[in-house]
Amino acid sequence: EAGVAQSPRYKIIEKRQSVAFWCNPISGHATLYWYQQILGQGPKLLIQFQNNGVVDDSQLPKDRFSAERLKGVDSTLKIQPAKLEDSAVYLCASSFPGQTSYNEQFFGPGTRLTVL
Amino acid sequence: AQSVTQLGSHVSVSEGALVLLRCNYSSSVPPYLFWYVQYPNQGLQLLLKYTSAATLVKGINGFEAEFKKSETSFHLTKPSAHMSDAAEYFCAVSRGGGADGLTFGKGTHLIIQP
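Here's a quick rundown of the structure. (Residues numbered from 1 in each chain as written. Chains lettered and ligands numbered in written order. Predicted model: local features only at pLDDT ≥ 70, side-chain atom pairs only at ≥ 80, totals over all residues. Heavy atoms only, no water.)

### Here we look at the interface of chain B and chain A
Contacts between the two partners involve 22 residues from chain B and, on the opposite side, 26 residues from chain A. Of the roughly 1900 Å² buried at the junction of chain B and chain A (both faces included), carbon and sulfur atoms supply 51%. Our count for the chain B to chain A interface comes out at 0 salt bridges. Between the two partners, chain B and chain A, sit 4 residue pairs in polar contact (both at pLDDT 80 or more). Listing elements by their share of the side of chain B that touches chain A, those giving two or more residues are strand S4 (33-38), strand S5 (44-50), strand S9 (87-94) and strand S10 (102-104) of chain B. (Contact = heavy atoms within 4.5 Å. Buried area = accessible area lost by both parts, 1.4 Å probe. Salt bridge = Lys/Arg side-chain N within 4 Å of Asp/Glu carboxyl O. Polar contact = N/O pair within 3.5 Å; in protein donor to acceptor, adjacent residues only side chain to side chain. Helix = DSSP H or I, 4+ residues; strand = E, 2+ residues; numbered from the N terminus.)

This is the structure:
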């Protein structure tokens, strides 16, 4: 079974530029998450999708971050414009939805963003 | 809101010694708790999870954790450390309320001394 795919793996941009990250979840996984992991910290949830609908985006900085999952499969996370403090690893995860909140989330390798 | 606190950003043990990584949680509802491991330049991998079925949870690679409600703790242990256990370990709690994204602790870096 293929894992969660993310691209690119690394990205370096100047502040105020725009950047986009792509995620392809495990086949059949309807729930998709984006996390931000700043160096030295644990991952922080940015947004959760169930199919193509948003379940939780309470921690997404909506003035500069946006995410979509138009067909309920792949997802794109965008930052526009980027700030220095956005330097982090962006992790995508997916899970197979069930009746409970403890389904295992499978994580991709992440995209490491450096903002100069 | 649910939260977790990991005590000790770095823990160093000798190979073959007991591993103990501490995690305390705060939750207004019965929590779902998780331990994840992260190797350098890799994504997170689930070690084990507590889902209220049993207080002592066994996971992969010989790790286990015990849920103690009275102490609001979910510490991770392994009887005998191996060099391959060197990694970053994260405790996490489900955010609950139907939104099951995770809230993670800051992580504990486990160092294994030969």
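### Considering the packing of aromatic side chains
Tallied over the entire structure, the rule returns 14 aromatic pairs over all chains. What links up through ring pairs into an aromatic cluster is the set A:Tyr33, A:Tyr35, A:Phe107, B:Phe34, B:Tyr36, B:Phe90 and B:Phe104. (Phe/Tyr/Trp six-rings, centres within 6.5 Å; stacked < 30°, edge-to-face > 60°.)

### Looking at the environment of B:Gly16
All names here are of chain B. Structurally, Gly16 is set in the loop between strand S2 (10-14) and strand S3 (19-26). Given a relative accessible area of 40%, Gly16 falls into the partly exposed group. When sequence neighbours within four positions are dropped, the list of residues in contact with Gly16 reads Pro79, Ser80 and Ala81. (Buried < 20%, exposed > 50% of the residue type's maximum accessible area, 1.4 Å probe, protein only.)

### Describing the pattern of salt bridges
On inspection of all chains with the given rule, the structure shows 4 salt bridges over all chains. A salt bridge links A:Lys62 to A:Asp57, with the nearest nitrogen and oxygen atoms 3.8 Å apart. We classify A:Asp57 as partly exposed; its relative accessible area is 27%. Residues B:Lys58 and B:Glu64 are paired through a salt bridge, measuring 2.8 Å at the closest nitrogen-oxygen approach.

### So, the state of the cysteines
This structure, assessed with the given rule, holds 2 disulfides over all chains. What pairs with A:Cys23 in a disulfide is A:Cys92, and their sulfur atoms sit 1.9 Å apart. One disulfide, between A:Cys23 and A:Cys92, carries an S-S torsion of -70° and so falls in the left-handed class. One end of the pair, A:Cys23, is in strand S3 (residues 19-24); the other, A:Cys92, is in strand S9 (residues 88-95), with 69 residues separating them in the sequence. Both residues of the pair, A:Cys23 and A:Cys92, count as buried. A disulfide bridge connects B:Cys23 with B:Cys91, and the sulfur atoms are separated by 2.0 Å. Residues B:Cys23 and B:Cys91 share a disulfide whose torsion about the S-S bond is about -65°; that sign makes it left-handed. Residue B:Cys23 is found in strand S3, and its partner B:Cys91 is found in strand S9; the two are separated by 68 residues along the sequence. Each member of the pair, B:Cys23 as well as B:Cys91, is classed as buried. (Disulfide = S-S within 2.5 Å.)

### Here we look at the nonpolar core
Core analysis: the biggest nonpolar cluster contains 26 residues, and B:Trp35, B:Leu48, B:Phe74, B:Leu76 and B:Tyr89 have the highest contact counts within it. Listed by contribution, the elements that provide at least two residues to this core are S2, S3, S4, S5, strand S7 (64-68), strand S8 (73-78), S9 and strand S11 (108-113) of chain B. Residues in contact with B:Phe74, not counting those within four places in the same chain, are B:Cys23, B:Leu33, B:Phe34, B:Trp35, B:Leu48, B:Lys49, B:Tyr50, B:Val57, B:Ala65, B:Glu66 and B:Phe67. Counting residues in each nonpolar core, the second largest holds 21 residues, with A:Val4, A:Trp34, A:Leu46 and A:Ile47 among its members. (Core = buried A, V, L, I, M, F, W, Y, C linked by side-chain atoms within 4.5 Å.)

### Some remarks on the sheet that holds strand S1 (residues 5-7) of chain A
All names here are of chain A. Read across the open sheet, the 4 strands follow the order S1-S3-S8-S7; overall the sheet is antiparallel. Bordering the open sheet on either side are S1 and strand S7 (65-68), each of which pairs with just one other strand. With strand direction ignored, the average angle separating the axes of adjacent strands in the sheet is 15°. (Pairing = 2+ DSSP bridges. Axes fitted to C-alpha atoms, helices over the stretch in contact; angles between N-to-C directions.)

### Here's the deal with unusual backbone geometry
Following A:Ser7, the chain continues to A:Pro8 via a peptide bond in cis, the omega torsion being -10°. The phi dihedral of B:Asn61 falls on the positive side, at around 60°, and the residue is not glycine. Turning to its location among the elements, B:Asn61 is positioned in the loop between strand S6 (56-58) and S7. Judged by its relative accessible area of 40%, B:Asn61 is partly exposed.

### Things to note about the sheet that holds S8(B)
All names here are of chain B. Across the sheet, 5 strands lie side by side as S1-S3-S8-S7-S6; this open sheet has antiparallel pairing. At either margin of the open sheet sits one strand with a lone partner, and together these are strand S1 (3-7) and S6. Pairwise comparison of adjacent strand axes, ignoring direction, gives a mean angle of 20° for this sheet. Sheet topology note: the S3/S8 ladder contains 4 bridges and is antiparallel. Paired with Val19 across the strands is Lys78, a residue of S8.

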